[in-house]
Amino acid sequence: MSVIVVSNRVSRAKTDGPVTGGLAAALLPMVRDSGAIWVGSSGQAGDATGDPFARIEALGTGELATVNLPPMHYRNYYEGFANSVLWPAVHTRPDLIRGGADDYASYREVNAFMARALLRFNGPDAVFWIQDYHFLTLGAELRRLDVSCPLGFFLHTPWADRRTMAAVPHHVDLVEAMLAFDLIGFQTVDDRQNFEDYLQSELGLSVVDGTVASEWGLTQLATFPIGIDFEEFSRRATKAAGLPEVARLRASLQSARLALGVDRLDYSKGITNRMSAFDRMLEMEPSLKRAVSLLQVAVPSRGNIRAYRELKTELSTLVGEINGRHGEADWTPIRYLNKGFSQLTLAGFYRVANVGLVTPLHDGMNLVAKEYVAAQNPFDPGVLVLSSFAGAAKQLDAALMVNPHDIDAMARQTAVALAMGLEERRERWQSMVSKLKTSSVQRWFADFLRMLSAVRRTPLRAATRPIVLDLASWRKSARGA
């Protein structure tokens, strides 16, 4: 079996280089160890008439292949429909949806372009595994090119309730195209049930034992919570303890404790509420002043999108206000860093932190929560404070759970975490470790491919829905509508 994994971008990062996003952290070791081919955008514009592949290189037993996507469509596809329409929708922020007909047309064009590029790897033993919201329609494009091999799709983000998803322009076309996949995987049961509810309410399709029949055939829906390599990350954290940057962090704390947040700079991560809760905690518990600091790592992301620029400004202002209100000449309540760090360095930061704050407003899984647990010293572990709206909360139920919208409750739980005794910390940590060891990234990878291989396609009838291939025609039809 030749496994071709497809995502928007391909990461080449190693433990000594920055890795942004859970998808890259999960896929890199799997490609390296399994022999899979990982295909994604090079991030560069290319000549649509020539070879679309910019580079193909070895990674362990696997390969990384990057594609130059068409320049006239990339921005509308990525900044437009993918991240200004789909991303806010799946994270239940329909108020932030911004997009027009051109964005959707470009999204379809890029999906069609990628499908044509993937024909290079098509063969009798090929299996295509498509990742995430950037390529919801890629399965349909491959089927229209007569690709008959197994097609799987995994959604790393949440899938919102049907009313929110109905706010997405062309949502019916998108979901109907998704049913060209043989297997669609979700992070949590709630996400899968939201998708099933959409199918039943918006498309009138019944889901029986996780299977739905459409014009494409039969599609299996299933849940595959993504994990990490616990043992590897634990070893990495132990090694990282001696890094100069980690040693400087530990020394700078003196006798104070550390609360840590690590996120992409994104409105779904709840960073504003987290800082407000830390502010509120210092007001409620004045004795914690000088006794604890919050280190917030916020990796820059999607700076060309207005909502992200506004969030960056809002956070910088908020940090200044909190530090101005509580700080002293020799103590800063919040240390705020707008840059990325290597996985090795982050593992060291996790191990130093007494409290890990993972409080997204809505998240598919959030591997930071799992990495924080894996990085802890077994004899003196820290405490994970976790949003109940993160997919990881379904597994890591021994964490201190919080509602990220309840600022006072988050403040109180953070104070509880800081005061928690060693015996309780060990018990909670051990409970979470047992879950992490039985739901590794290796198992996620193997379970998905095992189910995909077992699913048999039973075509009901030929697909009849036309595909948008020409931007000018799309614009004309959109105006006519």
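What you see is a predicted model, and the numbers here were worked out from it, not measured in a lab.

Rules behind the numbers
- Residues numbered from 1 in each chain as written.
- Predicted model: local features only at pLDDT ≥ 70, side-chain atom pairs only at ≥ 80, totals over all residues.
- Heavy atoms only, no water.
- Phe/Tyr/Trp six-rings, centres within 6.5 Å; stacked < 30°, edge-to-face > 60°.
- Helix = DSSP H or I, 4+ residues; strand = E, 2+ residues; numbered from the N terminus.
- Buried < 20%, exposed > 50% of the residue type's maximum accessible area, 1.4 Å probe, protein only.
- Lys NZ or Arg CZ within 6 Å of the ring centre and 35° of its normal.
- Axes fitted to C-alpha atoms, helices over the stretch in contact; angles between N-to-C directions.
- Parallel < 35°, antiparallel > 145°, perpendicular 65-115°, else oblique.
- Left-handed = near helix turned anticlockwise from the far one by under 90°.
- Contact = heavy atoms within 4.5 Å.
- Nonpolar A, V, L, I, M, F, W, Y, C, P; charged D, E, K, R; others polar.
- pLDDT = per-residue confidence, 0-100.
- Core = buried A, V, L, I, M, F, W, Y, C linked by side-chain atoms within 4.5 Å.
- Pairing = 2+ DSSP bridges.
- Expected span 1.5 Å × (residues − 1).
- Right-handed = clockwise from strand over helix to strand, strands pointing away.
- Salt bridge = Lys/Arg side-chain N within 4 Å of Asp/Glu carboxyl O.

## Some remarks on the packing of aromatic side chains
Under the counting rule described, the total for this entry stands at 21 aromatic pairs. Ring centres of Tyr 350 and Tyr 372 lie 6.3 Å apart, and the angle between their planes is 85 degrees; this geometry places the pair in the edge-to-face category. Remark: Tyr 372 occurs in helix H13 (residues 367-374) and Tyr 350 occurs in helix H12 (residues 343-352); sequence separation between them is 22 residues. Tyr 372 matches Tyr 350 in its accessibility class, with the two residues each being buried. Site record: aromatic cluster; members linked through ring pairs are Tyr 74, Tyr 77, Tyr 78, Phe 81, Tyr 104, Tyr 107 and Phe 135. Sitting over the face of the ring of Phe 53, Arg 120 holds its NZ or CZ atom 4.9 Å from the ring centroid.

## Overview of the packing of helix H2 (residues 71-90) against helix H3 (residues 101-118)
The interhelical angle for the contact between H2 and H3, taken along N-to-C directions, is 110 degrees, at an axis separation of 7 Å. As far as their axial angle goes, H3 and H2 are roughly perpendicular. As for how H2 packs across H3, the hand of that crossing is left-handed. In this structure, H2 uses Met 72, His 73, Asn 76, Tyr 77, Gly 80, Phe 81, Ala 82 and Leu 86 to contact H3, whose residues at the interface are Asp 102, Asp 103, Tyr 104, Ser 106, Tyr 107, Glu 109, Val 110 and Asn 111. Among the residues making up the contact of H2 with H3, the classes are represented as 8 nonpolar, 5 polar and 3 charged.

## Things to note about the confidence of the model for the protein chain
Across the protein chain, the average pLDDT comes to 91, with 91% of residues at or above 70. Long-range and interchain partners of residues 460-472, a stretch whose pLDDT sits below 50, account for 28 contacts in this model, where long-range means more than four residues apart. Confidence over residues 477-481 falls short of pLDDT 50; this stretch has 1 contact with residues more than four positions distant or in other chains.

## Some points on the nonpolar core
Membership of the largest hydrophobic core comes to 97 residues, with the highest contact counts inside it found for Val 39, Leu 118, Phe 128, Phe 195, Leu 199 and Met 275. Broken down by element, this core gets its largest block of residues, 9 residues, from H2. Look past the residues within four positions of Leu 118 in its chain and what remains in contact with it is Ile 4, Val 6, Val 39, Phe 128, Leu 138 and Leu 142. One finds Leu 23, Val 31, Ala 222 and Ile 228 within the second-largest nonpolar core, a separate group that totals 68 residues.

## Observations concerning the sheet that holds strand S11 (residues 257-264)
Strand order in the open sheet formed by 6 strands is S13-S12-S11-S14-S15-S16, with parallel pairing between adjacent strands. Every interior strand has two partners, whereas the edge strands, strand S13 (334-337) and strand S16 (400-402), have only one. Direction aside, the axes of adjacent strands within the sheet are offset by 20 degrees on average. Looking at chain direction, S11 and strand S12 (residues 292-299) are connected through 8 bridges and run parallel. In the sheet register, Val 262 faces S12, and the bridge partner there is Val 297. Those strands touched by helix H14 (residues 407-419) are S11, S12, strand S14 (355-358), strand S15 (383-387) and S16, and its axis lies near 170 degrees from that of S16.

## A word on helix H10 (residues 271-284)
For H10, with 14 residues, the first-to-last C-alpha span of 20 Å sits near the 20 Å given by 1.5 Å per residue. For H10, the full list of buried residues reads Ile 271, Thr 272, Arg 274, Met 275, Ala 277, Phe 278, Asp 279, Met 281 and Leu 282. Packing partners of the buried residues in H10 comprise S11, S12, helix H11 (306-326), S13, S14 and H14.

## Regarding the pairing of S13
One face of the sheet, then the other: side chains in a regular strand alternate in exactly this way. Side chains Ile 334 and Tyr 336 of S13 all project onto a buried face; the interleaved residues Arg 335 and Leu 337 project onto a face where none is buried. Bridge count for S12 against S13 is 4 bridges, and the pairing is parallel. Across the sheet, residue Leu 295 finds its bridge partner in S13, namely Arg 335. Since S12 and S13 lie parallel, the crossover through H11 that links them has a hand, and here it is right-handed.

## Here we look at the pattern of salt bridges
Two side chains of opposite charge can pair, provided their charged atoms sit close to one another. Within the structure shown, the criterion is met by 28 salt bridges. One salt bridge connects Lys 437 with Glu 231, and the closest N-O pair in it is separated by 3.8 Å. You can see Lys 437 sitting in helix H15 (residues 422-438) and its partner Glu 231 sitting in helix H8 (residues 230-240), a full 206 residues away along the chain. Here Glu 232 ties to Arg 235 by a salt bridge, and the two come within 3.2 Å at their closest N and O atoms. Separated by 3 residues within a single helix, Glu 232 and Arg 235 lie in helix H8, roughly one turn from each other. Residue classification places Arg 235 among the exposed positions, given a relative accessible area of 51%. Several salt bridges converge on common partners, so that one network encompasses Arg 162, Asp 197 and Glu 202.

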